[in-house]
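# Geometric and topological summary
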Amino acid sequence: MAEHWYRAYGLVVRSETELPEFLPTAPAAHEIDIRFGPEAAQQWAGIEDGQARPGVFLPAPEGGFVMRVPETCDYWVRDGRAIALTPVPGVDAATIRLFLLGSALGMAFHQRGLLVLHGATVLHGQGASIFVGDSGQGKSTLAAHLGREGFPIYGDDTMPLWPRRDGGFEVWPGSRMFKLWSDTIGQLGESSDGLESVGVRLDKYFFPNAAQPPDRPARVHEMIELVSGDADSAPVLEPLEGLEALGVISANTYRPHYVPQLRREADHFRLCAALAGSITVWRLSRPRAIERIGESLALIRERWPRPGRVAGGAV
């Protein structure tokens, strides 16, 4: 079976399935290996019926964790380095990737002991800003608009953070694609015609980043939590401190239930506290109406150097 090589999130990935979301690279020593075969299904078969929970990672009989997505694929993740896939015959590649690059890769990052956040990450002259918030709050939409303005996008959805020697954290470029609803794509002045669907039952599509990031790390500068505000009021950006800031970071951990599964509660709290102490956490309260998104964009970008200007904290 053909092998494909990519760089993503600061790691070299060798994969037997194509991953157009990632930056291709030459074959090299790899940190994550993605393979097809019967092994994932065999691990799932070893789980007792009373314990089986489709769509949820469970401890695998031979170590690591295994997940079954009905009518799609079994995923077995071990040691933060190996992901085995047993797809259902005939399933489309985009649906396999949806769970591979989300839940499965997220589990691998957690197994590596990283702080993994659920958000969209944008690079500017002061470093990287991570947009977080509940589903539907517009993280990807805001980032896609900023990408159209020239701000490079480091990732959408899953974002592992790497500790730095100076006590801060950095991120590396990840996915080169957004997952956007067709009405959002239309609001960007584009069409979903010809785009690959995220899933056969979703009106959601893989949409390429307009501004591709450099293949280098960026220091995390801030986190911006998106919340719905008064429909008749202007957007408001306010800083959060102490336990409130820590709570936002913890609440926006990617798949937070992985933390107790891996018995990483103490380490995860330490990482969250370290991040809270090294960045500013903001809350952006704004009207949800799509026609008013320009107000939020203006409030955000007026605080950043324009694209192309790199300040000392950017790397």
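Preceding this section is the structure that the text describes.
The structure displayed is predicted, hence computed values, not measured ones.

The interhelical angle for the contact between helix H3 (residues 139–148) and helix H8 (residues 293–301), taken along N-to-C directions, is 65 degrees, at an axis separation of 11 Å. As the angle between them shows, H3 and H8 are arranged roughly perpendicular. H3 and H8 meet at a crossing whose hand is right-handed. Residues Thr141, Leu142, His145 and Leu146 of H3 lie in contact with H8, whose contacting residues are Ile293, Ser296, Leu297 and Ile300. Its residues placed into classes, the contact of H3 with H8 shows five nonpolar, three polar and no charged.

Turning our eyes to something else, we now look at the nonpolar core. Counting residues in each nonpolar core, the largest one holds 54 residues, and the members touching the most others are Phe57, Tyr75, Ile83, Leu100, Leu161, Met223 and Leu275. Top element by residues in this core is helix H2 (residues 93–111). It accounts for eight residues.

All right, on to the side chain of serine 192 then. On the secondary structure map, serine 192 appears in the loop between helix H4 (182–187) and strand S14 (204–208). Setting aside chain neighbours within four positions, we find serine 192 in contact with Ser182, Ile185 and Tyr205.

This paragraph deals with the sheet that holds strand S1 (residues 4–8). Pairing is mixed across the open sheet formed by eight strands, whose spatial order is S3-S1-S2-S4-S8-S7-S6-S5. Strand pairing shows two members of the sheet lacking a second neighbour, strand S3 (23–24) and strand S5 (58–59), which therefore form its edges. As judged from the five bridges shared by S1 and strand S2 (residues 11–15), these two strands associate in the antiparallel manner. Across the sheet, residue alanine 8 finds its bridge partner in S2, namely leucine 11. Here H2 sits on the sheet in contact with S2, strand S4 (32–36), strand S6 (65–69), strand S7 (73–78) and strand S8 (82–87), set at roughly 20 degrees to S7.

Glancing now at H2. Its 19 residues place the ends of H2 25 Å apart at the C-alpha level, agreeing with the 27 Å of an ideal helix rising 1.5 Å per residue. The largest bend along H2 measures about 35 degrees and falls at leucine 100. Taking burial as the measure, the 19 residues of H2 include 15 buried ones, the bulk of the element. One or two steps after H2, the chain reaches glycine 113, where phi turns positive at roughly 85 degrees.

Helix packing geometry: the angle between the two helix axes and the distance between the axes. The N-to-C vectors of helix H5 (residues 242–251) and helix H7 (residues 265–276) enclose an angle of 125 degrees; their axes lie 9 Å apart at closest approach. Judged on the interaxial angle alone, H7 and H5 are oblique. Crossing hand, H5 versus H7: right-handed. In contact with Leu246, Ile249 and Ser250 of H5, H7 contributes His268, Phe269, Cys272, Ala273, Leu275 and Ala276. Here the residues of the contact of H5 with H7 are counted per class, giving seven nonpolar, two polar and no charged.

Definitions and cut-offs
Each residue is numbered by its place in its chain's sequence as written, counting from 1. Thresholds applied to this predicted model are a pLDDT of at least 70 for local features of residues and 80 or more for the giving and counting of side-chain atom pairs; totals over whole chains, interfaces and linings are not thresholded and use all residues. As a rule here, side-chain values come from all non-hydrogen atoms in the structure, and water together with hydrogens is ignored. Convention adopted: a line fitted to C-alpha atoms gives each axis, helices being fitted over their contacting stretch, and angles between N-to-C directions are expressed from 0 to 180 degrees. Each helix corresponds to a stretch of at least 4 residues labelled H or I by DSSP, and each strand to a stretch of at least 2 residues labelled E; elements are numbered beginning at the N terminus. Here is the rule for angles: anything less than 35 degrees is roughly parallel, anything more than 145 is roughly antiparallel, 65 through 115 is roughly perpendicular, and the remaining ranges are oblique. Handedness of a helix crossing follows the sense of rotation of the near helix relative to the far helix, less than a right angle counterclockwise being left-handed and clockwise being right-handed. Any two residues whose heavy atoms approach within 4.5 Å are treated as being in contact. Residues are grouped as follows: nonpolar covers Ala, Val, Leu, Ile, Met, Phe, Trp, Tyr, Cys and Pro; charged covers Asp, Glu, Lys and Arg; every other residue, Gly included, is treated as polar. Throughout, nonpolar core names a set of buried Ala, Val, Leu, Ile, Met, Phe, Trp, Tyr and Cys residues whose side chains join them through atoms within 4.5 Å. Only protein chains enter the accessibility calculation, which uses a 1.4 Å probe; a residue is then buried when its area is under 20% of its type maximum, exposed when over 50%, and partly exposed in between. Between any two strands, at least two bridges found by DSSP are needed for them to pair. To estimate the expected span of a helix, count its residues, drop one, and scale the result by 1.5 Å. The bend at a residue is defined as the angle formed between two axes, one fitted to the seven residues ending at that residue and one fitted to the seven starting there.

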